[in-house]
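Geometric and topological summary
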Amino acid sequence: GSYVYYGKDGGNPSDGAYITVASPLFKEFDIVGSYDYFNYNKDMSGMEQTKYVIGLQYWFYKQCRLQAQYIYTDSKGIIGGYSSVMLQTQFAF
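An account of the accompanying structure is given in this report. Computed from a prediction, not measured in an experiment: that's the story for all the values here. (Residues numbered from 1 in each chain as written. Predicted model: local features only at pLDDT ≥ 70, side-chain atom pairs only at ≥ 80, totals over all residues. Heavy atoms only, no water.)

**A look at the side chain of Gln-49**
Residue placement: Gln-49 occurs in strand S4 (residues 48-61). When its relative accessible area of 15% is taken as the criterion, Gln-49 is described as buried. There is a polar contact of 3.1 Å between the side chain of Gln-49 and the side chain of Ser-75. Setting aside residues no more than four positions away along its own chain, Gln-49 makes contact with Asp-36, Tyr-37, Phe-38, Tyr-40, Thr-73, Asp-74 and Ser-75. (Helix = DSSP H or I, 4+ residues; strand = E, 2+ residues; numbered from the N terminus. Buried < 20%, exposed > 50% of the residue type's maximum accessible area, 1.4 Å probe, protein only. Polar contact = N/O pair within 3.5 Å; in protein donor to acceptor, adjacent residues only side chain to side chain. Contact = heavy atoms within 4.5 Å.)

**So, the pairing of S4**
Pairing between strand S3 (residues 29-39) and S4: 11 bridges, direction antiparallel. Looking at S4, one finds that Ile-31 is bridged to Leu-56. The pairing of S4 with strand S5 (residues 64-75) spans 12 bridges and is antiparallel. Of the residues in S5, the one forming a bridge with Thr-50 is Asp-74. Between the antiparallel neighbours S4 and S5 lie 2 residues. (Pairing = 2+ DSSP bridges.)

Spelled out as structure tokens, the structure:
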């Protein structure tokens, strides 16, 4: 995980934090969870975005995996809350 206390983007003060955890579920499966917070502009209200992620990853070869994740994003004041699903593969040799 990480925490960014203070940043500047185009002169706007911002901050954020995230943490990701993974744990073996079965021999070839891991469960993954993540929390991500970012405030685009601390000088304006309603510029925060929070993401919650839960997913599974399947290791089908030593360094190759398939991931499926459900993501809920809460964008206060920007576009509201919405859900998405992400599928991803990774191949390493």
